[in-house]
Amino acid sequence: MRMEEALKIGNIIKKYNAFNNIINLGSGNVEELNRNKPWVLKHVFNLFEKSKTKILHVDAEDFPGIDIVQDLSQPESLSFCDNLKGSKLFILASVLEHIPKETHAEFLKRIYSKMKSKDGLIITVPYDYPYHADPIDNMYRPSPNELKKLLPLIWLESEILSTGSYLEEFMRLNTLKKIRKLLKPFWILQKPSKWLENHRLFYLFKQYKITIVFGIK
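These notes cover the structure that comes with them. (Residues numbered from 1 in each chain as written. Predicted model: local features only at pLDDT ≥ 70, side-chain atom pairs only at ≥ 80, totals over all residues. Heavy atoms only, no water.)

### Here we look at the overall build of the protein
The number of helices and strands found in the protein is eight helices and seven strands. Taken over C-alpha atoms, the radius of gyration comes to 18 Å for the protein, in line with the 17 Å a tight globule of 217 residues would show. Taking the principal axes of the C-alpha coordinates as reference, the protein spans close to 55 × 35 × 35 Å. Across the protein, the fraction of contacts at a sequence separation of at least 24, relative to all contacts at a separation of at least 6, is 78%. Surface exposure of the protein reaches about 12100 Å², of which carbon and sulfur atoms provide 55%. (Helix = DSSP H or I, 4+ residues; strand = E, 2+ residues; numbered from the N terminus. Rg over C-alpha atoms; globule rule 2.2 N^0.38 Å. Contact = heavy atoms within 4.5 Å. Areas by Shrake-Rupley, 256 points an atom, 1.4 Å probe, with all protein chains shown as cover.)

### Some words on the packing of aromatic side chains
Overall, the coordinates contain four aromatic pairs when judged by the stated rule. Geometrically, the ring pair formed by Tyr16 and Phe214 is tilted, given 5.0 Å between the ring centres and 40° between the ring planes. Of this pair, Tyr16 sits in the loop between helix H1 (3-15) and strand S1 (21-25) while Phe214 sits in strand S7 (residues 209-216), and the two are 198 residues apart along the sequence. Seen from their ring centres, Tyr129 and Tyr208 are 4.6 Å apart, and the 35° between their planes marks the pair as tilted. Placement of the pair is Tyr129 in the loop between strand S5 (120-128) and helix H5 (144-148) and Tyr208 in the loop between helix H8 (192-196) and S7, with a sequence separation of 79 residues. The cationic tip of Lys217 hangs over the ring face of Tyr112; the distance from NZ or CZ to the ring centre is 4.1 Å. (Phe/Tyr/Trp six-rings, centres within 6.5 Å; stacked < 30°, edge-to-face > 60°. Lys NZ or Arg CZ within 6 Å of the ring centre and 35° of its normal.)

### Points about the pattern of salt bridges
For the structure shown, the criterion picks out nine salt bridges. Here Glu159 and Lys8 are joined by a salt bridge, their closest N and O atoms 3.0 Å apart. Pair noted here: Glu159 is in strand S6 (residues 154-162) and Lys8 is in helix H1, with a separation of 151 residues, a long-range link. Looking at Glu159, the relative accessible area reads 31%, which means it is partly exposed. Put simply, Asp137 and Arg141 hold a salt bridge, and the shortest N to O gap is 2.8 Å. An identical accessibility class is assigned to Asp137 and Arg141; each is buried. Shared partners join several salt bridges into a network, and the residues in it are Lys8, Lys15, Glu157 and Glu159. (Salt bridge = Lys/Arg side-chain N within 4 Å of Asp/Glu carboxyl O. Buried < 20%, exposed > 50% of the residue type's maximum accessible area, 1.4 Å probe, protein only.)

### Some remarks on the side chain of Thr163
Along the chain, Thr163 falls in the loop between S6 and helix H6 (166-170). In this view, Thr163 contacts Arg2, Glu4, Glu5, Gln207, Tyr208, Lys209 and Ile210; residues no more than four positions away in its chain are not counted.

### Some words on the sheet that holds strand S2 (residues 54-59)
Ordered in space as S3-S2-S1-S4-S5-S7-S6, the seven strands form an open sheet in which the pairing is mixed. The open sheet has two edge strands, strand S3 (68-69) and S6, and neither has a second partner. Where H1 meets the sheet, it contacts strand S4 (88-93), S5, S6 and S7, and its direction lies at approximately 155° from that of S6. Against the sheet, helix H4 (residues 104-113) contacts S1, S4 and S5, and its axis sits at roughly 160° relative to S4. (Pairing = 2+ DSSP bridges. Axes fitted to C-alpha atoms, helices over the stretch in contact; angles between N-to-C directions.)

Remember that the coordinates give geometry; whether it matters functionally is a separate question.
See below:
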């Protein structure tokens with residue numbers, strides 16, 4: 001999650017602050033996220049530091065900081081929601097591009113089925129962004145309107161965010177790594193997936209863009 005993305009999610013949460021449970025789906029390694037991207041903790045999850053809101057980080061892998069280990073591809077993967085009291089906000093941040101496209105409809109249908117009246121859903125996905133496998137990148141790059149067509153929610157927020165460029169990351173590299181990054185596209189013996197990662201260089205002077213939508217049932 002990029003800083004601008006975290007700021008937008010945080011602003012949405014503050015604007016519609018009426019949720020008892022925050023369910024962060026496909027959260028990954030939470031401790032690593034807090035260490036490498038401290039702005040996520042600062043602008044999103046620290047908002048609930050002094051409240052009684054319950055935060056649940058959910059992932060298929062038992063990473064540090066995960067509250068519920070659950071393979072979200074399974075039909076009953078969200079059954080834990082039945083035991084939660086009060087309103088829910090589901091956060092699906094940068095997940096859909098990392099799971100097969102053919103599973104999107106069923107996955108979102110399961111989330112929708114666990115939403116009650118006034119429960120919320122935030123979805124973020126790349127809009128104009130380089131290939132980044134984790135473990136795959138299906139190159140799903142929808143507009144806000146395309147995302148909103150996926151579920152019959154009351155959509156309250158939708159935007160394409162500009163979230164900086166690769167230049168910021170590139171300038172933090174040492175000289176040797178910079179040279180390697182620039183020469184890597186010309187190495188012909190690399191795997192196709194590795195070659196695709198070189199597309200990040202196109203974003204040295206081009207903004208990354210993220211689609212974000214928020215709706216309630």
